[in-house]
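Listed below, chain by chain, are the residues.
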Amino acid sequence: MTIWNLRRRIPVSGVLCAFAVFLTVGRGEAEETLRVAPDRQIDVQHIRLELDVDLEGRSVEGTATIDYRAVRPLGRTVTLDAVGLEILSVEAGQVTDGPDGLTEAKFVTDDDSLQIVDPGTEAGSAKRFAEDDAVGRLRIRYRVRDPKSGLYFFGPTDDAPDVPLTVWSQGEPRGSRYWFPCIDHPNERQTTEMIVTAPAGFEVLSNGRLVSREELPGDGPKRSRFHWKQEKTHTTYLTSLVVGDFSVERDEWRGRPVTYYVPKKRAEDLRRTFGRTTEMLEFFSDRFGIEYPWDKYAQVVVEQFIWGGMENTSATTLYERALHDERAMLDSSPDWLIAHELGHQWWGDLVTCRNWSHMWLNEGFATYSEVLWAEHKQGEIERDWRLLEKSRSARSGSAQARSIVDRTYPHPGSLFDVRAYPKGGWVLHMLRRRLGDEDFFNGLKRYGTAYAYQTAETTDLRRLFERVYGVSLERFFYDWTERPGHPELKVTTRYLSDSRDIEVQIEQTQKADPFVIPLKLRFGTSTAGADDAVELRDDEFVMTERSQTRRIRVDGEPLFVSVDPDFSLLATIRETKPDQFWEWQLKRGVNVAEIVRAIEHFGAKDSARSRELLRDALLKPADGPAAHHGVRSEAASALGRLKGEVAREALTAGLNDDVPQVRRACAAALGQFKDDELVVAALSQKLKQGDDSYPTEAAVLSSLSGLSPEPPLELLIEALGKPSHREVVRIAALSQLGNSPQRKAFELLFEWTGRDRPDVCRSQAISSLAHFVTHNDLGDADSRRVVDHLVGLLGSEGPRHRATIVSALGSLKSRARSAADRLRHVADGDPNDGTRDAAVAALSKVQAEENGSSELAKLRQDLEAERRRVRELEQRLQSVERAEAKAP
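Predicted, not measured: the structure shown is a model, and the values here were computed from it.

Peer 1: Describe the overall build of the protein, naming the residues involved and giving the relevant values.
Peer 2: Secondary structure summary: the protein contains 30 helices and 29 strands in total. Expressed as a percentage of its 888 residues, the buried residues of the protein come to 57%. A separation of at least 24 residues holds for 70% of the contacts in the protein among residues at least 6 apart in sequence.

This is the structure we're talking about:
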């Protein structure tokens, strides 16, 4: 029985049975519940929300009018998702009854739902709920005050007077139910409209086209009304509401408005940040073969957004760090984030995953949209660098233990990880390489067209490609979406001079079964009579076994062997081959990935030759991929690990390189040179000199502070006065303050946890304060002061800060045992999945040290888990009992 079964109106005895099973199965079994899409009682056609927003009162008075068709016999109730809503009244009937033909209906609420009850009269039964092909209508008046999730209010307070009045929504994965009644699951799509009344002077943004905007008459405070209408279906979690005071600019693309909303204090950064949006709309429409499907495209930057961005249909919400000033553009670009969220307008919005198990169909596609934009705008070398960065993430963490398509996830939030994003993007890249560009992009066009304004599963994508191109992709999708991990290749290359053969032995060393992978080897040999000419030969094959040996006879002198020269495989590749092959690869590698492998090879060899080669890779790279800033930065990091005079001189010279990313990497690498006065002098000079690059300044400060016997408090205090993009300089200073033993650092960290400080700085200060406590001999009074302060913050912070706070408490271990009850409360009842997970982990750390033995600690953890399950089931049992008692 799944969570969805428990949420339906089932007999109380069924709940008790589930309750008993929950307590008798093992812990692992309980967590491995099969997750499937829920039954659909109704098909919602349209949701009309009429909202009166009180920004200062942090509340909304609303009327939700929901039109629907019955999918199956309704019985006596219609059930909607609703959490924390104060339901004032419910009316029910059919659309044909007209606006005044609805009649009052009884209803029952519990912790997470609204059940609308048919009074049972023969006449009423025909009118209450839709039958056959009729369209039913529900009109629900409700109120919501400062909801726990889904809708987030901000405004000035005594300790943070500069916070602007604003409210924004965040629906994914299950937040919409906290601010309007709905079917809050990705398999439900409907059209929506929003009529919002707000204080005059504030902008209101929602999905779809702007039907009207008017100033309301009256003698009281001036009010404005905005009417937005989304006339093509989208899923519930993409429904958006933003109210705030913004600077607004507008472009046009193919006759549709393209608008940008940013805080007025950042108006000068608007064009610099969003100026390439219309070009992206053109590119993606052409690349996907499907014209941008919505009536407009808006992007809004809001106060303290909890994610980087959210792809609400036609109205993306972004965090403030997306905005780039002139100095920030030296090191980074907002384009990857803008491309990701814009890509979602096709993949996630136009076509939506049917249930969360297939979320990679949303996030993997959006991640690959970043790669496609990089390829289009900056070329193949930049594309490959992006792929290398994503490859590293995709081969780590949860991707090692769980599959992309995960049908036994603990909660939807647990799926927002490296499997859905970088690994999902890599699956698409490998599929593209397998099929070729023409077939791959034509297939995407067919997929997007076939499932437009619908939901899809991974099997739908696979079968469409198979049907169109006559290829079997079942093994491909099994290997890459239905099993965890990736190929780990051990490649040994030898030149057999007697036979003039190059022999390559490939072995898959991962513990799991072999993957079936297409693999290419490229052999380079010298050409007689031509000094620089290279003869290339490719050997392409499909590896189906755990090990395989390939051999090729060559006439000229062997120069190199390249494994996966097209960078088409998500794999860990460890090579053994002659150093002359490695040197060729370092200097003339055909893609950034194989050059980086060569850097890693020489970075692991403590020799003069390695240092010389890496020095040249850093300071005198060849043209092509070797000159990319990422490759050069890898060389800097390798030199930092090797250290020595050659490395020091190269890295010191790199502090003044023309490329800011290289300067930053050199500054960070110099932080490895302990007890080196020349390095301290060079970093001190660089800090005094300053740098146009914010991240370089931050790296210089971090390295210099880390090399000092005690972090230089004066420099760190000075750095706290330097605002920067994403606050990288202040964050570096706050991080180093956590390493200081001085009382002044302790008080500064306390001060920077205050609500009057920048949001990201507060998070770092909270973490650094906990670090300070664990690394200094503080008395009980100071430790209690920190714990009490962090517990006090928990009650009034957003989800991102709550997760940071509970993690900080966990790092304090037994010092935070007085916070155990509070952590337990968060673990049991926080509305945010990630925060609950962080609280469970923190509680485990706090209690583990107190409990002593690992066996006792584990028993306590298991007991806490069972307590949470019992409480959850008790709440569900009470909900069903209330529903049964109130039902006529």
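Following the structure, the description resumes.
Peer 1: Requested: an account of the pattern of salt bridges, with residues and values cited.
Peer 2: The full count for this structure, using the stated rule, is 77 salt bridges. Salt-bridge contacts for Asp184 lead to Arg177; the nearest nitrogen and oxygen are separated by 3.0 Å. Across the pair, exposure class does not vary: Asp184 and Arg177 are buried alike. For the salt bridge of Glu797 with Arg762, the shortest nitrogen-to-oxygen distance reads 2.8 Å. With a gap of 35 residues between them, Glu797 in the loop between helix H26 (780–794) and helix H27 (799–811) and Arg762 in helix H25 (residues 759–775) connect regions that are remote in the sequence. The pair Glu797 / Arg762 is uniform in exposure class, with both members buried. The network of salt bridges with common partners includes Arg254, Arg256, Glu282, Asp286 and Glu291.

Peer 1: Could you give an account of the packing of H25 against H27, with specific residues and numbers?
Peer 2: Contact geometry of H25 with H27 gives a least axis separation of 9 Å together with a crossing angle of 5 degrees. On the basis of their axis angle, the class for H25 and H27 is roughly parallel. Within the contact between the two elements, H25 uses Asp759, Arg762, Ser763, Ile766, Ser767, Ala770 and Thr774 and H27 uses His801, Thr804, Ile805, Ala808 and Ser811.

Peer 1: Can you tell me about the sheet that holds strand S7 (residues 113–117), naming the residues and giving the values?
Peer 2: Pairing in this open sheet of three strands is antiparallel, and the strands run S3-S7-S6 from one edge to the other. The open sheet is flanked by strand S3 (77–81) and strand S6 (106–109), the only strands paired with a single partner. Ignoring strand direction, the axes of neighbouring strands in this sheet form an average angle of 20 degrees. Bridge count between S6 and S7: four bridges; the pairing is antiparallel.

Peer 1: Which residues make up the side chain of Glu382, and what are the values?
Peer 2: As for its placement among the helices and strands, Glu382 is situated in helix H9 (residues 380–394). With residues near it in sequence (within four places) discarded, Glu382 still touches Ala374 and His628.

Peer 1: So, helix H24 (residues 743–752): which residues are in play, and what are the values?
Peer 2: Every α-helix carries 3.6 residues per turn, so stepping three or four residues along brings you back to the same face. For H24, the set of buried residues is Ala745, Phe746, Leu748, Leu749, Phe750 and Trp752. Buried positions along H24 lie against helix H22 (713–719), helix H23 (728–737), H25 and H26.

Peer 1: Lay out the pairing of strand S15 (residues 241–244) with the relevant residues and their values.
Peer 2: Residue alternation in S15 divides its side chains into two sets, Leu241 and Val243 and Val242 and Gly244, and both sets are buried. When strand S10 (residues 166–169) meets S15, the two strands line up antiparallel, connected through two bridges. For Trp168, the partnering residue across the bridge sits in S15 and is Val242. Pairing of strand S12 (residues 203–206) with S15, which is carried by four bridges, proceeds in the antiparallel orientation. By the bridge assignment, Glu203 is partnered in S15 with Gly244.

Peer 1: Pulling in residues and values, what's your account of the nonpolar core?
Peer 2: One finds Leu80, Trp360 and Tyr447 to be the most contacted residues of the largest nonpolar core, which totals 186 residues. Non-local contacts of Leu80, meaning those with residues more than four positions away in its chain, are made with Ile42, Ile66, Asp112, Ser113, Leu114, Ile116, Leu138, Ile140, Pro181, Cys182 and Ile183. Counting 46 residues, the second largest nonpolar core, distinct from the first, contains Phe750, Phe772, Val773 and Leu823.

Peer 1: Mind laying out the packing of aromatic side chains, listing which residues take part and the relevant values?
Peer 2: Applying the stated criterion to the full structure yields 33 aromatic pairs. Look at Phe288 and Trp347: their rings are 5.3 Å apart centre to centre, the planes differ by 80 degrees, and that puts the pair in the edge-to-face class. With a gap of 59 residues between them, Phe288 in helix H6 (residues 277–288) and Trp347 in the loop between helix H7 (335–344) and strand S21 (351–353) connect regions that are remote in the sequence. Of the two residues, Phe288 and Trp347, neither departs from the other in class, the shared state being buried. Summarising the aromatic geometry, the rings of Phe560 and Trp584 are spaced 5.6 Å apart at their centres and angled 10 degrees between planes, so their arrangement reads as stacked. Here the residue Phe560 occupies a position in strand S28 (residues 558–563), and Trp584 occupies one in helix H14 (residues 579–588), the gap between them amounting to 24 residues. Here Arg483 stacks its cationic end above the ring of Phe515, 3.8 Å away from the centre of that ring. Over the ring of Trp752 we find Arg757; its NZ or CZ atom is 4.5 Å from the centre of that ring.

Peer 1: Go over unusual backbone geometry, please, and point to the residues and values.
Peer 2: At the junction of Glu172 and Pro173, the peptide bond is cis and its omega measures out at 0 degrees in the coordinates. Of note in this structure, Gln304 is not a glycine but carries a positive phi near 55 degrees. By secondary structure assignment, the location of Gln304 is in the loop between strand S18 (297–301) and strand S19 (309–310). Although it is not a glycine, Arg726 adopts a positive phi angle of roughly 60 degrees. On the basis of relative accessible area, Arg726 is assigned to the partly exposed category, the value being 29%.

Peer 1: Can you explain the sheet that holds S10? Please cite residues and give values.
Peer 2: Strand order in the open sheet formed by four strands is S9-S10-S15-S12, and the pairing between neighbours is antiparallel. This sheet does not close on itself; its edge strands, each paired only once, are strand S9 (151–154) and S12. Averaged over all pairs of adjacent strands, the angle between their axes in this sheet comes to 15 degrees, without regard to strand direction.

Peer 1: Give a description of the packing of H9 against helix H15 (residues 592–603) that names residues and reports values.
Peer 2: For the pair H9 and H15, interaxial distance at closest approach is 9 Å and the crossing angle is 55 degrees. Classed by the angle they form, the pair H9 and H15 counts as oblique. Across from Ile381, Asp384, Trp385, Leu388 and Arg392 in H9, the residues of H15 making contact are Val592, Ala593, Val596 and Glu600. Its residues placed into classes, the contact of H9 with H15 shows six nonpolar, no polar and three charged.

Peer 1: Account for the confidence of the model for the protein, naming residues and giving values.
Peer 2: Any region with low pLDDT has predicted coordinates that should not be read closely. Confidence along the protein averages 90 in pLDDT terms, with 90% of residues attaining 70 or more. Across residues 1–30 the pLDDT falls below 50, and counting only partners more than four positions away or on other chains, this stretch makes 47 contacts in the model. Within the model, pLDDT remains below 50 along residues 119–128, and this stretch shows 17 contacts once partners closer than five positions in the same chain are excluded.

Peer 1: Residues and numbers for the pairing of strand S1 (residues 42–54), please.
Peer 2: Note that S1 and strand S2 (residues 59–70) share 12 bridges and pair antiparallel. Among the inter-strand pairings, Arg48 is bridged to a residue of S2, identified as Thr65. Linking S1 back to S2 in an antiparallel pair, the connection comprises four residues, with Arg58 at a positive phi of about 55 degrees. Sheet topology note: the S1/strand S11 (residues 189–199) ladder contains seven bridges and is parallel. Residue pairing for S11: Leu51 is matched across the bridge by Val196.

Peer 1: Quick one: what's the story with the environment of Glu389, residue by residue and with numbers?
Peer 2: With respect to the secondary-structure elements, Glu389 resides in helix H9. Considered as a pair, Glu389 and Pro422 are 33 residues apart in the sequence and their alpha carbons are 8.7 Å apart.

Peer 1: Report on the environment of His601, specifying residues and quantitative values.
Peer 2: By secondary structure assignment, the location of His601 is in helix H15. Sequence separation of His601 and Thr576 is 25 residues, and the distance between their C-alpha atoms is 9.3 Å. Those residues in contact with His601 that sit more than four places away from it in its chain are Asp579 and Trp582. Among the polar contacts made by the side chain of His601, one reaches the side chain of Asp579 at a distance of 2.9 Å.

Criteria and thresholds
- Residues numbered from 1 in each chain as written.
- Predicted model: local features only at pLDDT ≥ 70, side-chain atom pairs only at ≥ 80, totals over all residues.
- Heavy atoms only, no water.
- Helix = DSSP H or I, 4+ residues; strand = E, 2+ residues; numbered from the N terminus.
- Buried < 20%, exposed > 50% of the residue type's maximum accessible area, 1.4 Å probe, protein only.
- Contact = heavy atoms within 4.5 Å.
- Salt bridge = Lys/Arg side-chain N within 4 Å of Asp/Glu carboxyl O.
- Axes fitted to C-alpha atoms, helices over the stretch in contact; angles between N-to-C directions.
- Parallel < 35°, antiparallel > 145°, perpendicular 65-115°, else oblique.
- Pairing = 2+ DSSP bridges.
- Core = buried A, V, L, I, M, F, W, Y, C linked by side-chain atoms within 4.5 Å.
- Phe/Tyr/Trp six-rings, centres within 6.5 Å; stacked < 30°, edge-to-face > 60°.
- Lys NZ or Arg CZ within 6 Å of the ring centre and 35° of its normal.
- Nonpolar A, V, L, I, M, F, W, Y, C, P; charged D, E, K, R; others polar.
- pLDDT = per-residue confidence, 0-100.
- Polar contact = N/O pair within 3.5 Å; in protein donor to acceptor, adjacent residues only side chain to side chain.

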